[in-house]
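One-letter residues, chain by chain:
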Amino acid sequence: MYQRSRGIILKKIDFKEDDEIITIYSDEFGKIDLISKGAKKIVAKLTPSLQLFNLIDFEFVNGKSLKTITSATVINNFKDSQNDLLKIKVLMKTAKIIDKLIIEPEKDSQLWEFLLNFYTVLPNVKLIVSLRNPVEQVLSRYRYMVMRQMYNKTFEEALKEQP
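For clarity, every value in this text was computed on a predicted model and none was experimentally measured.

Caption draft 1: Summary view of the overall build of the protein chain. Broken down by element type, the protein chain carries five helices and five strands. Going from N to C terminus, the protein chain has its helices and strands arranged as β-β-β-β-β-α-α-α-α-α. Over its C-alpha atoms the protein chain spans a radius of gyration of 22 Å, topping by over 25% the 15 Å that the globule rule assigns to 163 residues. Referenced to the eigenvectors of the C-alpha coordinate spread, the extents of the protein chain come out at roughly 75 × 30 × 30 Å. For the protein chain, the accessible area works out to roughly 11100 Å², and carbon and sulfur atoms hold 55% of it.

Encoded structure:
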């Protein structure tokens, strides 16, 4: 029996010679692993749709041991996020966290909405990278202010005052 859902591709693993196991977080089934038969062949029809982080509409059937994906159509490939290396890193970390924390199959509508919104909003987000350890940065700023006589409290008192 065919089942249909929408999902975001979180992970792909090589399986056997020509197949891949695709991990998808879907709106109907939560996290599921599907086998894509012949995915590594040059003529594989599903390969373009089954790229990491794509939002897809897909169908699958239950197999003997694994569910097999039978069709997939890209709804959104989040191309703007995938053209930025820092955003790709964020997508990969997010996918890895979801994959490690979520037991399959466990449907969670709130998590699905979060993922969908996160992937949709990410292209418009400006990411700032801090190359300095935040603790060292706070301590350095405190020392600077004490040295300039802009602050006269102990470091512990200063920390307690901050929200």
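From this point, the narrative continues.
Caption draft 2: Molecular detail of the pairing of strand β3 (residues 30-36). With six of its seven residues buried, β3 lies for the most part within the structure. Note: strand β2 (residues 19-26) against β3, seven bridges, orientation antiparallel. What sits directly across from S26, in β3, is G30. Here β2 folds back onto β3 in antiparallel fashion, the turn holding three residues. Direction of pairing for β3 relative to strand β5 (residues 67-76): parallel, over a ladder of two bridges. Counterpart to I35 in the pairing with β5 is T68.

Caption draft 3: Expanded view of the packing of aromatic side chains. Under the defined criterion, the tally for this structure stands at six aromatic pairs. With a centroid separation of 6.4 Å and 50 degrees between ring planes, the pair formed by F53 and Y119 is classed as tilted. A residue pair is termed long-range when its members are at least 10 positions apart, and F53 in the loop between β3 and β4 (55-62) and Y119 in helix α3 (residues 109-121) qualify at 66 residues. The pair F53 / Y119 is uniform in exposure class, with both members buried. Both rings, one in F78 and one in Y119, keep their centres 5.5 Å apart while their planes meet at 65 degrees; by these two values the pair is edge-to-face. Residue F78 is located in the loop between β5 and α1 (79-82), and its partner Y119 is located in helix α3; the two are separated by 41 residues in the primary sequence. Taking the relative accessible area as the measure of exposure, Y119 reaches 0% and is therefore buried. Through a chain of ring-to-ring contacts, three or more aromatic side chains come together here, namely F53, F78, F114, F118 and Y119.

Caption draft 4: The sheet that holds β4, seen in detail. Taken in spatial order, the five strands close into a barrel running β1-β2-β3-β5-β4, and their pairing is mixed. If you compare each strand with its neighbour and ignore which way they point, the axes differ by 50 degrees on average. As defined by bridge partners, strand β1 (residues 2-15) adjoins β4 across seven bridges and the pair is classed as antiparallel. Looking at β4, one finds that Y2 is bridged to V61. Across the sheet, α3 is in contact with β1, β2 and β4; its angle to β1 comes to roughly 65 degrees.

Caption draft 5: Structural detail: a positive patch on the surface. Together, K89, K93, K96 and K100 make up a region of like positive charge exposed at the surface. Tracing the backbone through its elements, the reader meets K93 in helix α2 (residues 85-101).

Caption draft 6: Focus on the packing of α2 against α3. Interhelical geometry of α2 versus α3 gives an angle of 170 degrees and a closest axis separation of 12 Å. In terms of orientation, α2 and α3 fall into the roughly antiparallel class. Along its contact with α2, which presents V90, L91, T94, A95 and I98, the element α3 presents L111, L115, F118 and Y119. Residue composition of the contact of α2 with α3, grouped by class: eight nonpolar, one polar and no charged.

Calculation rules
Residues numbered from 1 in each chain as written. Predicted model: local features only at pLDDT ≥ 70, side-chain atom pairs only at ≥ 80, totals over all residues. Heavy atoms only, no water. Helix = DSSP H or I, 4+ residues; strand = E, 2+ residues; numbered from the N terminus. Rg over C-alpha atoms; globule rule 2.2 N^0.38 Å. Areas by Shrake-Rupley, 256 points an atom, 1.4 Å probe, with all protein chains shown as cover. Buried < 20%, exposed > 50% of the residue type's maximum accessible area, 1.4 Å probe, protein only. Pairing = 2+ DSSP bridges. Phe/Tyr/Trp six-rings, centres within 6.5 Å; stacked < 30°, edge-to-face > 60°. Axes fitted to C-alpha atoms, helices over the stretch in contact; angles between N-to-C directions. Contact = heavy atoms within 4.5 Å. Patch = residues over 30% accessible without salt bridge, like charges linked within 9 Å, V, L, I, M, F, W, Y side chains within 5 Å. Salt bridge = Lys/Arg side-chain N within 4 Å of Asp/Glu carboxyl O. Lys, Arg positive; Asp, Glu negative; His and termini not counted. Charge placed at Lys NZ, Arg CZ, Asp CG, Glu CD. Parallel < 35°, antiparallel > 145°, perpendicular 65-115°, else oblique. Nonpolar A, V, L, I, M, F, W, Y, C, P; charged D, E, K, R; others polar.

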